[in-house]
Structures are given as C-alpha cells and as structure tokens.
Amino acid sequence: MTAPQIAALLVFLFPLAYSPGPGNSFFAAIGASGGLTSAWPALIGYHAATFVVTLAIGSGLGLTLLTNPTVAGILKIAGALYVAWIGLMFLKAAPSDGRADGGPRRASLLDGAAVLVFNPKAYLIIALMFTQFLPEQASLAALLTITVVFTVNNLLAFVIWTLLGLAIGRLVASRTSGRLVNLVFGGCLIGVAAWMALS
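Examining the overall build of the protein
Part 1 of the argument: In terms of helices and strands, the protein carries eight helices and zero strands.
Part 2 of the argument: A fraction of 85% describes how many contacts in the protein between residues 6 or more apart in sequence connect residues 24 or more apart.
Part 3 of the argument: Entry remark: accessible area of the protein is about 9,700 Å², with carbon and sulfur atoms responsible for 73%.

Here's what the structure looks like:
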C-alpha cells in the first residue's frame, strides 16, 4: 500500500475507532478503576484477537461468521452477556466505605479477547474496511499492512480511552468516592451490553 492509501485508511478508521463503543467503554471503565497499568493485559488480549480476526476476515476465512445469522446472533448475545457480567463485577466491587481503591484492578488477556471476539459489529467493520481498501487481487503484504494499521490504530484509540477513564475516575474520586466511580462505569458497561443485545 502507498502512503496516501494508508492515510485514507486512517481517515476511514478514525470515527470508528475513537467514537464511543463497547471496547472504548470497557477500557475507559478499566482505566477509571485501575489505570493504564491494570488495562495492559486486556489491551494485549483485545488486540491479539483483533489481529487474528482481522487477518482471518481479510483472507476470507472469517466471512462465514458474517453470513450465518445464527452464529452472528449467538456472538451478539454472548458479547452482551459478557460485557454485562464485567459491569456487574464493577458494581459488586464498589467499596461501601468511601475508599477510592475498589473495583477490578486488572482485566485479563481473556477479558480483552472476549470483548472483541463476541462483538459481531467489529467483524462487520473489518469486512467493510477490506471491501474499501483491499484490492481483489491483493498481495499478502497489502493484507498484513491493513491488518497492522487497523490493530495499531485501535490500540492507540483504546489507550486514549483508558487514560480518559483514568482522568474521569480521579476527578470523580477526588470529589466523592471510588464507590461512585465503579457504580458509574459499571452502569455504563451494563448500558453498553443492553445496546449490544438490542442493536
């Protein structure tokens, strides 16, 4: 791919990666609870899964998931339930004594990977990206370039959302308590789960 093509790809991805969504909300919540350090395992898990899924869809291997409504429906419900479960963990972990140190301190590699794997909308975005930017007779180099650009761009977006969550968490905690931080972000994740299930 040429530099102008990569620039066009980044412009295409910007609103998709940086606007609110399940992944962004998940990492903002983790950031508010434990900061960037606590988010790294989930960031690695999410983006390892992103790389594998993107490569599979770009090579045509993952498109059967998109064309099977049963599989897509199962992924959607499983993803919504998983995000809701994480939100409930935030609610349960909210300290009742006003301490600002409650909540899940670390999200695992599996947590991050599951948020991507169980989100069929991510699959559709990836498929749309390839229809726009991958030529029909594309080389392996072009496929890998698009996959790497997509993965790294998402990683940058989610690091920013994690830091934003950390800033919001500190602001709220300095004025109230860590309990409110966990309740707000836990509630946000449950709302995202409902949106995933109903959309």
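Examining the packing of helix 1 (residues 3-18) against helix 6 (residues 120-133)
Part 1 of the argument: Between helix 1 and helix 6, whose axes approach to 11 Å, the crossing angle comes to 155°. Classed by the angle they form, the pair helix 1 and helix 6 counts as roughly antiparallel. The two elements helix 1 and helix 6 cross, and the hand of that crossing is right-handed. Here Q5, A8, L9, F12, L13 and L16 of helix 1 come into contact with helix 6, specifically with I125, L128, M129, Q132 and F133.
Part 2 of the argument: Across the contact of helix 1 with helix 6, the residue classes tally to nine nonpolar, two polar and no charged.

Section: the confidence of the model for the protein
Part 1 of the argument: Across the protein, pLDDT averages 79, with 82% of residues at or above 70.
Part 2 of the argument: For the protein, per-element mean pLDDT is lowest for helix 3 (residues 63-67), which scores 60, and highest for helix 2 (residues 22-58), which scores 88.
Part 3 of the argument: Per-residue pLDDT stays below 50 along residues 96-105; that stretch engages in 21 contacts with residues further than four places along the chain or on separate chains.

Describing helix 2
Part 1 of the argument: In this model, helix 2 (37 residues) spans only 22 Å end to end at C-alpha, well below the 54 Å of a helix rising 1.5 Å per residue.
Part 2 of the argument: When you tally the buried positions in helix 2, you get 27 out of 37 residues, the bulk of the element.
Part 3 of the argument: Just beyond helix 2, the residue with positive phi is G60, at close to 95°.

Side note on the side chain of T54
Part 1 of the argument: The residue T54 is located in helix 2 in this model.
Part 2 of the argument: You can call T54 buried: its relative accessible area is 0%.
Part 3 of the argument: If near-sequence neighbours (up to four positions away) are discounted, T54 is found in contact with I126, M129, F130, T147 and F150.

Quick look at the environment of V149
Part 1 of the argument: By the element assignment, V149 lies in helix 7 (residues 140-175).
Part 2 of the argument: Judged by its relative accessible area of 14%, V149 falls in the buried class.
Part 3 of the argument: Taking the C-alpha atoms as reference points, V149 and L13, 136 residues apart in sequence, are found 9.5 Å from one another.
Part 4 of the argument: Apart from the residues lying within four places of it in its own chain, the contact partners of V149 are I6, L9 and L10.

Some points on a nonpolar patch on the surface
Part 1 of the argument: Nonpolar side chains collect at one region of the surface, where W40, I44 and L109 lie side by side and expose about 300 Å² of accessible area between them.
Part 2 of the argument: On the accessibility criterion, I44 (49% relative accessible area) is partly exposed.

As for helix 1
Part 1 of the argument: With 16 residues, helix 1 extends 22 Å between its outermost C-alpha atoms, agreeing within 8% with the 22 Å of an ideal straight helix rising 1.5 Å per residue.
Part 2 of the argument: At F12, helix 1 shows its largest kink, close to 30°, and the proline P15 lies no more than four residues downstream.
Part 3 of the argument: Among the residues of helix 1, L9, L13, A17 and Y18 are the ones counted as buried.

What counts, and at which threshold
Position numbers for residues count from 1 along each chain, tracking the sequence in the order it is written. Where local features are concerned, this predicted model is filtered to residues with pLDDT of at least 70; where side-chain atom pairs are given and counted, the filter is 80 or more; whole-chain, interface and lining totals use all residues. Heavy atoms throughout the structure, all of them, feed into the side-chain values; hydrogens and water do not. Secondary structure elements follow DSSP: runs of H or I no shorter than four residues count as helices, runs of E no shorter than two count as strands, and numbering proceeds from the N terminus. In what follows, a contact means two residues having at least one pair of non-hydrogen atoms within 4.5 Å. Per-residue and other accessible areas follow the Shrake-Rupley method at a 1.4 Å probe size, with only the shown protein chains counted as cover for residues. Whenever a helix is involved, its axis is fitted only over the stretch in contact; in every case the axis is a line through C-alpha atoms, and angles between N-to-C directions fall within 0 to 180 degrees. Put simply, angles under 35 degrees are roughly parallel, angles over 145 are roughly antiparallel, angles from 65 to 115 are roughly perpendicular, and the rest are oblique. Take the far helix as your reference; a near helix turned counterclockwise from it by less than a right angle gives a left-handed crossing, and one turned clockwise gives a right-handed crossing. Gly is placed with the polar residues, together with every amino acid not listed as nonpolar (Ala, Val, Leu, Ile, Met, Phe, Trp, Tyr, Cys and Pro) or charged (Asp, Glu, Lys and Arg). Across the chain, each position has a pLDDT score giving the predictor's confidence in that residue, from 0 to 100. How far a helix is expected to stretch is found by multiplying one less than its residue total by 1.5 Å. Relative accessible area decides the class of each residue, using a 1.4 Å probe on protein chains only: under 20% of the type maximum gives buried, over 50% gives exposed, and in between gives partly exposed. Exposure above 30% relative accessible area and the absence of a salt bridge qualify a residue for a patch, where like charges join within 9 Å and nonpolar side chains (Val, Leu, Ile, Met, Phe, Trp, Tyr) within 5 Å. In what follows, salt bridge is the name for a side-chain nitrogen of Lys or Arg lying within 4 Å of a carboxyl oxygen of Asp or Glu. Throughout, bend refers to the angle between the axes fitted to the seven residues that end at a position and the seven residues that start at it.

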